[in-house]
Amino acid sequence: MKDFAGLAAKLTAEEAEEIRSAGPDAILSEESLRALDRAAEGPAMGHGYYVSSGTADENGSPQFVLHPDAARAIFA
């Protein structure tokens, strides 16, 4: 099981603010994805903390949103 509270605690204040400023259901920016991966301790390790939104950007790349449990922990 993912440690959502632990991940939220590992975000820097700036990273958490970047994510919070967009809102709990927003498409995550590249900066936010990198922050989540860093907090999860490695490239692409944030998968599971963020999930596919079911949409793609204009280049066809998948877009991601926070897992609901991650959103609860970050926005608590």
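Quick summary incoming for the structure in this document. (Residues numbered from 1 in each chain as written. Predicted model: local features only at pLDDT ≥ 70, side-chain atom pairs only at ≥ 80, totals over all residues. Heavy atoms only, no water.)

## Section: the overall build of the chain
Then, in step 1: When helices and strands are tallied, the chain shows four helices and two strands.
Then, in step 2: Taken from the N to the C terminus, the helices and strands of the chain come in the order α-α-α-β-β-α.
Then, in step 3: In terms of overall size, the chain behaves like a compact globule, its C-alpha atoms giving a radius of gyration of 11 Å where 76 residues would be expected to give roughly 11 Å.
Then, in step 4: Expressed along its principal axes, the backbone C-alpha trace of the chain runs to roughly 35 × 25 × 20 Å.
Then, in step 5: Burial analysis of the chain (76 residues in total) assigns 37% to the buried set.
Then, in step 6: Long-range pairs, those at least 24 residues apart, make up 50% of the contacts in the chain with a sequence separation of at least 6.
Then, in step 7: Of the accessible surface of the chain, which amounts to about 4500 Å², a share of 54% is contributed by carbon and sulfur atoms. (Helix = DSSP H or I, 4+ residues; strand = E, 2+ residues; numbered from the N terminus. Rg over C-alpha atoms; globule rule 2.2 N^0.38 Å. Buried < 20%, exposed > 50% of the residue type's maximum accessible area, 1.4 Å probe, protein only. Contact = heavy atoms within 4.5 Å. Areas by Shrake-Rupley, 256 points an atom, 1.4 Å probe, with all protein chains shown as cover.)

## A few points about the pairing of strand β2 (residues 62-66)
Then, in step 1: Sheet topology note: the strand β1 (residues 50-56)/β2 ladder contains four bridges and is antiparallel. Its bridge partner lying in β2, Val51 is registered against Val65.
Then, in step 2: The loop that links β1 with its antiparallel partner β2 comprises five residues; one of these, Gly60, has a positive phi angle of about 90 degrees. (Pairing = 2+ DSSP bridges.)

The quantities given are spatial measurements derived from coordinates; they are silent on function.
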